[in-house]
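# Commentary on secondary and tertiary structure
Each chain is listed here by its residues.
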Number of protein chains: 6
Amino acid sequence: MPVVTIKLAGSLSRDQKRKIAEEITDTLERIALKPKRYTYVAFEELPDENWAIAGQLLDEEEG
Amino acid sequence: MPVVTIKLAGSLSRDQKRKIAEEITDTLERIALKPKRYTYVAFEELPDENWAIAGQLLDEEEG
Amino acid sequence: MPVVTIKLAGSLSRDQKRKIAEEITDTLERIALKPKRYTYVAFEELPDENWAIAGQLLDEEEG
Amino acid sequence: MPVVTIKLAGSLSRDQKRKIAEEITDTLERIALKPKRYTYVAFEELPDENWAIAGQLLDEEEG
Amino acid sequence: MPVVTIKLAGSLSRDQKRKIAEEITDTLERIALKPKRYTYVAFEELPDENWAIAGQLLDEEEG
Amino acid sequence: MPVVTIKLAGSLSRDQKRKIAEEITDTLERIALKPKRYTYVAFEELPDENWAIAGQLLDEEEG
């Protein structure tokens, strides 16, 4: 029953999501003995404008 | 002051959200004695591509 | 696959959690047509000292 | 390493997000001694239809 | 109705939480025009063993 | 800047957490090109009594 949430700025391709979900689910099965069918992985993609590091929005850092 | 977050893949109609929020708020008042005005319910709808079960994205399962 | 998180200050009895989980899962089946076996409900109980409303910790309000 | 998540209904302007992220990061440095570079702030903006208070969706309240 | 969640490793004193909640609630009122009574702030304190940066648990970094 | 949250019922050993954090951080570097130093992994362990699947608390299932 693990629920894995991956929150990030920007977006991932469908293929990146597919591989990441597969690997993380595999990691949790091998190391934590969680049967695959119980593992949920959710991707939360936020615009750069909605994420700050060190008090600065990510879309400023590009500047 | 309960904050209820409902995270799911796909989307709900406005009417479904209205009824779900109403019932959950009522459940928390009856069973946990939380006054209705303090209960927040937030719906987080994710695209099927952003949700995996058993290491497989939900939009693959249709295939 | 809905994941329902109920975050609150204070704690609930085991029996309250049992009934709330049962009702919410039922609500999501009836209204959103989500099969029960896919619904996860997680309770996150925080100490009153870790929750503020209107800028005031909940354990102050008692004073 | 604090991760601050600000979940709200409606949306903020880029400038509001910039100032809020700056102030919160500063607050955590001054009061909790967390170096700025470790603090992440994420804004999660939900449509009014996805948020309920007291069992009522926020877009009903306008009515 | 903003819900602010502050997730961090280690713990804060009651007084730090009190001041942080007060300042953040004030920030959201001044900048985002959110009435104070609607703002919830929740602190989620995790043991160092439950938090990793750069793939390393925080309690290793001390070593 | 990805923030990965792993929410589960029960608990993991320190060694399981160490390996899981390492592998997930590595997965995000290889597949999503996220530099390791920006990735946070947080483990949220909940008692079995605080988690329900199919409307049933996990500590009932053992019965």
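- In the nomenclature of an unreviewed UniProt entry, chain A is known as 4-oxalocrotonate tautomerase family protein of Parasulfuritortus cantonensis.
- In its Sequence similarities (unreviewed entry) section, the UniProt record describing chain A reads: "Belongs to the 4-oxalocrotonate tautomerase family."

## What to know about the side chain of Asn50(B)
- The residue Asn50(B) is located in the loop between β2 (40–46) and β3 (51–53) in this model.
- A distance of 2.7 Å separates a polar atom in the side chain of Asn50(B) from a polar atom in the side chain of Lys17(A).
- Reaching out from Asn50(B), the side chain makes a polar contact with the side chain of Glu45(A) at a distance of 2.9 Å.
- Setting aside anything within four residues of it in sequence, one finds Asn50(B) in contact with Lys17(A), Val41(A), Ala42(A), Phe43(A) and Glu45(A).

## So, the relation of the copies chain A and chain F
- Aligned on chain F, chain A shows an RMSD of 0.0 Å; the corresponding rotation is 180° and the shift along the axis is 0.0 Å. Taken together, these values place the two copies in the relation of a two-fold axis. Taking the C-alpha atom as reference, chain A places Thr5(A) closest to the rotation axis, 2.6 Å from it.
- When the interface residues of chain A are mapped onto chain F, 100% of them are again interface residues, pointing to one common binding face.

## Quick notes on the interface of chain C and chain B
- Facing the 25 residues of chain C at the interface are 25 residues of chain B.
- When chain C packs against chain B, the two sides together hide about 2100 Å² of surface, and 71% of this comes from carbon and sulfur.
- Considering only the surface of chain C that becomes buried against chain B, Met1(C), Glu23(C) and Ile31(C) emerge as the three largest contributors, covering 26% of it.
- Along the contact surface separating chain C from chain B lie 2 salt bridges.
- For Arg30(C), the salt bridge identified is with Glu23(B), shortest N-O distance 2.7 Å.
- Elements supplying a minimum of two residues to the side of chain C that touches chain B: β1 (3–9), α1 (14–32) and β3 (51–53) of chain C.
- For the side of chain C that touches chain B, the element with the most residues is α1(C), which contributes 10 residues.
- Residues of the side of chain C that touches chain B, tallied by class, amount to 17 nonpolar, 3 polar and 5 charged.

## Some points on the interface of chain A and chain F
- Across the boundary between the two partners, chain A contributes 25 residues, which contact 25 residues of chain F.
- Surface buried jointly by chain A and chain F totals about 2100 Å² across both partners, of which 71% is contributed by carbon and sulfur atoms.
- Per-residue buried area on chain A facing chain F is highest for Met1(A), Glu23(A) and Ile31(A); these three make up 26% of the total on that side.
- Between chain A and chain F we count 9 residue pairs in polar contact (both at pLDDT 80 or more) in total.
- Sorting the residues of the side of chain A that touches chain F by element identifies β1 (3–9), α1 (14–32) and β3 (51–53) of chain A as the ones contributing at least two each.
- A total of 10 residues in the side of chain A that touches chain F trace back to one element, the largest contributor, which is α1(A).
- Its residues placed into classes, the side of chain A that touches chain F shows 17 nonpolar, 3 polar and 5 charged.
- Looking at chain direction, β1(A) and strand β1 (residues 3–9) of chain F are connected through 5 bridges and run antiparallel. Across the sheet, Lys7(A) pairs through a bridge with Val3(F), a residue of β1(F).

About the cut-offs
- Residues numbered from 1 in each chain as written.
- Chains lettered and ligands numbered in written order.
- Predicted model: local features only at pLDDT ≥ 70, side-chain atom pairs only at ≥ 80, totals over all residues.
- Heavy atoms only, no water.
- UniProt positions renumbered as here; feature names shortened; annotations may be inferred.
- Helix = DSSP H or I, 4+ residues; strand = E, 2+ residues; numbered from the N terminus.
- Polar contact = N/O pair within 3.5 Å; in protein donor to acceptor, adjacent residues only side chain to side chain.
- Contact = heavy atoms within 4.5 Å.
- Least-squares fit on C-alpha atoms with pLDDT ≥ 70 in both.
- Buried area = accessible area lost by both parts, 1.4 Å probe.
- Salt bridge = Lys/Arg side-chain N within 4 Å of Asp/Glu carboxyl O.
- Nonpolar A, V, L, I, M, F, W, Y, C, P; charged D, E, K, R; others polar.
- Pairing = 2+ DSSP bridges.

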